[in-house]
Amino acid sequence: MPSRSADDDPRLSELSEGQILRAILTRTPPAGHTLLGPGDDAAVIAAPSGSVVATTDTLVHGPDFRLAWSSGYDLGWKAAAVNLADVAAMGARPTALLVALAVPRDLRLSFVERLADGLREACEALAPGCAVVGGDLTTSDVLTIAVTALGDLEGRAAVTRAGARPGDVVAVAGELGHAAHGLAVLFGRFRDGGIPIPADRALLAEGESDAVVAQLRPRPPIGLGPVAAVAGATAMMDISDGLALDAGRLADASTVTLDLRRETLGADPMRALAGGEDHALLATFPADRLAPGFRVIGTVRERGDRGLLCDGAPVDAAGWDPYRDWDSAAG
């Protein structure tokens, strides 16, 4: 994006709410299911299947991101991606986003414009036909981005966490541990006296750079949620808090035991198990109905003493807690 002078890039405190909203909405075209978009008291979204999947997630400066490391574009992309992943995890196709922003008044307009660009381009790349249809704008000392995502099941039943059955295979679509690796790089390499400083990606090796991108701009396999549902997934969820913690949640909801295979978890199995924010899709399938794009990482057993095993042994991985782990990620 070309640089802009201060005169051409006013602080939000110099603009009216209407001017800021117009700057955002000119960068976010209507969604495919939009019957009535921004401009009225509420949007109207078509629900062809007669049911709507809805989810919400909030990103707050401090526990969820650092402005020293994340651009406005990064934040728009990530805010969209993490919500789209939750819709996909129900087997639905995302149709619309509602975005509420609480922004410090000393931010520049260009930051908010780039945030809108990130929202738009994440939808275009990850969930074509989905777009921002409305939201809210207010001021706050702490930058906060709250997104509500809607989705259409297209006549299918929702795929919940509660349907896994003994004999199913456990499978995943997407990467495991990359976002946690990226966060460890940021905390380990780009702080001065504990204070985050801008990340110079020219200093990073290829694997480190890819991991940082995975943290700041995740690319969940959104389109594979409906694919899994059509293939016959018995249970599914988004991996946001680490494979171990989320797999344990799925096991508890289904009253089964999941036994993962360490050899399927990549070069760093513990990071794959404990690291969060990958937003991969975890699903279970009948053994003969694995969906394209998913890889098998384990099996479903009758419920035992523990809900989660790895190679038959209990798993000790606490999972991801942003309020705890953002400040200890360098360890």
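Preceding this paragraph is the structure being described.
As a convention, each chain's residues are numbered from 1 in the sequence order in which they are written. With the structure being a predicted model, the display of local features is reserved for residues of pLDDT at least 70 and the display and counting of side-chain atom pairs for 80 or more, all residues being used for whole-chain, interface and lining totals. Excluded from the side-chain calculation are hydrogens and water; included are all heavy atoms of the structure.

Peer 1: Give a detailed account of the overall build of the protein chain, specifying residues and quantitative values.
Peer 2: Secondary structure is summarised from DSSP: a helix means a run of H or I of at least four residues, a strand means a run of E of at least two, and numbering begins at the N terminus for each. Looking only at helices and strands, the protein chain features nine helices and 15 strands. C-alpha atoms of the protein chain, sized along the principal axes, occupy 65 × 55 × 30 Å. Each residue is assigned to one of three classes by its accessible area relative to the maximum for its type, calculated with a 1.4 Å probe on protein chains only: buried under 20%, partly exposed between the two thresholds, exposed over 50%. Across the 331 residues in the protein chain, those meeting the buried criterion constitute 51%. Should any heavy atoms of two residues lie within 4.5 Å, those residues are considered in contact. Put simply, of all contacts in the protein chain between residues at least 6 apart along the chain, 86% involve residues at least 24 apart. The charge count includes Lys and Arg as positive and Asp and Glu as negative, but it does not include His or the ends of the chains. By convention, the charge on Lys lies at NZ, on Arg at CZ, on Asp at CG and on Glu at CD. Distance between charge centroids for the protein chain: 2 Å, based on 29 positive and 44 negative side chains.

Peer 1: Break down a nonpolar patch on the surface for me, with residues and values.
Peer 2: Together, Leu35, Leu36 and Val44 give the surface a local cluster of nonpolar side chains, amounting to about 260 Å² of exposed area. Tracing the chain through its elements places Leu36 in strand 1 (residues 34-36). Patch rule: a residue counts if its relative accessible area is over 30% and it has no salt bridge; like charges are joined within 9 Å, and nonpolar side chains (Val, Leu, Ile, Met, Phe, Trp, Tyr) within 5 Å. For the area figures, the Shrake-Rupley method with a 1.4 Å probe applies, and any residue is considered shielded solely by the protein chains shown. Salt-bridge detection follows one rule: a side-chain nitrogen of Lys or Arg within 4 Å of a carboxyl oxygen of Asp or Glu.

Peer 1: How would you summarise helix 2 (residues 72-88) if you had to cite specific residues and measurements?
Peer 2: One less than the number of residues in a helix, times 1.5 Å, gives the span that helix is expected to have. Taking 1.5 Å per residue, 17 residues should reach 24 Å; helix 2 reaches 24 Å between its end C-alpha atoms and fits that length. Taken across its 17 residues, helix 2 has 16 buried, putting it largely inside the fold.

Peer 1: Lay out the sheet that holds strand 13 (residues 295-302) with the relevant residues and their values.
Peer 2: Only when DSSP finds a minimum of two bridges between them are two strands counted as paired. With mixed pairing, seven strands are arranged side by side in an open sheet as 10-12-7-13-11-14-15. A strand with exactly one partner marks an edge of an open sheet, and here the two such strands are strand 10 (235-239) and strand 15 (313-314). With two bridges joining them, strand 14 (residues 308-310) and strand 15 adopt antiparallel strand pairing. In the strand pairing of strand 15, Cys310 is matched with Ala313. To get an axis, a line is fitted to the C-alpha atoms, and for a helix only the part in contact is used. The angle between two axes follows their N-to-C directions and goes from 0 to 180 degrees. Its contacts with the sheet place helix 6 (residues 224-231) against strand 7 (169-173), strand 10 and strand 12 (280-285), and it is angled at close to 0° to strand 12.

Peer 1: Describe the nonpolar core, listing the residues and the values that go with them.
Peer 2: Formed by 43 residues in total, the largest nonpolar core has its most connected members in Leu84, Leu97, Val99, Leu101 and Ile145. Elements with a contribution of two residues or more to this core: helix 1 (17-25), strand 3 (52-60), helix 2, strand 4 (93-103), helix 3 (109-126), strand 5 (131-139) and strand 6 (144-152). Discounting chain neighbours no more than four positions away, the residues touching Leu101 are Ile24, Val112, Leu115, Asp136, Leu137, Thr138, Thr144 and Ile145. To qualify as a nonpolar core, a set must consist of buried Ala, Val, Leu, Ile, Met, Phe, Trp, Tyr and Cys residues joined through side-chain atoms within 4.5 Å. Of all hydrophobic cores here, the second largest spans 25 residues; its members include Val172, Leu273, Leu308 and Val315.

Peer 1: Requested: an account of unusual backbone geometry, with residues and values cited.
Peer 2: At Thr255, a residue that is not glycine, the phi angle is positive and equals roughly 55°. In this structure, Thr255 sits in the loop between helix 7 (243-254) and strand 11 (256-260). In this structure, Asp311 is a non-glycine residue whose phi angle is positive, near 55°. When you line up the elements, Asp311 lands in the loop between strand 14 and strand 15.

Peer 1: Report on the pairing of strand 7, specifying residues and quantitative values.
Peer 2: Burial within strand 7 is extensive, with five of its five residues counted as buried. Neither face of strand 7 is open: one carries Val169, Ala171 and Ala173, the other Val170 and Val172, and all of them are buried. Where strand 7 meets strand 12, five bridges bridge the pair, whose relative direction is antiparallel. Residue pairing in the sheet places Val170 in a bridge with Thr284 of strand 12. Across four bridges, strand 7 lies against strand 13 in antiparallel orientation. Within strand 13, the residue paired with Val169 across the bridge is Thr299.

Peer 1: Kindly report on the environment of Ala231, identifying the contributing residues and their values.
Peer 2: With respect to the element layout, Ala231 can be found in helix 6. Residue Ala231 is classed as buried on the basis of its relative accessible area of 16%. Considering only alpha carbons, one finds Ala231 and Phe187, 44 residues apart in sequence, at a separation of 40 Å. The contact partners of Ala231, leaving out residues within four places of it in the chain, are Phe285, Arg289 and Ala291.

Peer 1: Describe the packing of helix 4 (residues 178-189) against helix 5 (residues 206-216), with residues and values.
Peer 2: At a minimum axis distance of 7 Å, the contact between helix 4 and helix 5 shows a crossing angle of 105°. Taken together, the axis directions place helix 4 and helix 5 in an arrangement best described as roughly perpendicular. Contacts from His178, Ala179, His181, Gly182, Leu183, Val185, Leu186 and Arg189 of helix 4 reach helix 5 at Gly207, Glu208, Ala211, Val212, Ala214, Gln215 and Leu216. Ten residue types, Ala, Val, Leu, Ile, Met, Phe, Trp, Tyr, Cys and Pro, are classed as nonpolar, four, Asp, Glu, Lys and Arg, as charged, and the remainder, Gly among them, as polar. Broken down by class, the residue content of the contact of helix 4 with helix 5 amounts to eight nonpolar, five polar and two charged. An angle below 35 degrees is treated as roughly parallel, one above 145 as roughly antiparallel, one from 65 to 115 as roughly perpendicular, and anything else as oblique.

Peer 1: Outline the packing of aromatic side chains, supporting the account with residue identities and numerical values.
Peer 2: Two rings from Phe, Tyr or Trp (for Trp, the six-membered ring) form a pair when their centres sit within 6.5 Å of each other. Planes less than 30 degrees apart are called stacked, planes more than 60 degrees apart edge-to-face, and all others tilted. For the coordinates displayed, the defined rule picks out three aromatic pairs. With a centroid separation of 5.2 Å and 70° between ring planes, the pair formed by Phe285 and Phe294 is classed as edge-to-face.

Interpretation note: all reported values are geometric properties and have no functional meaning in isolation.
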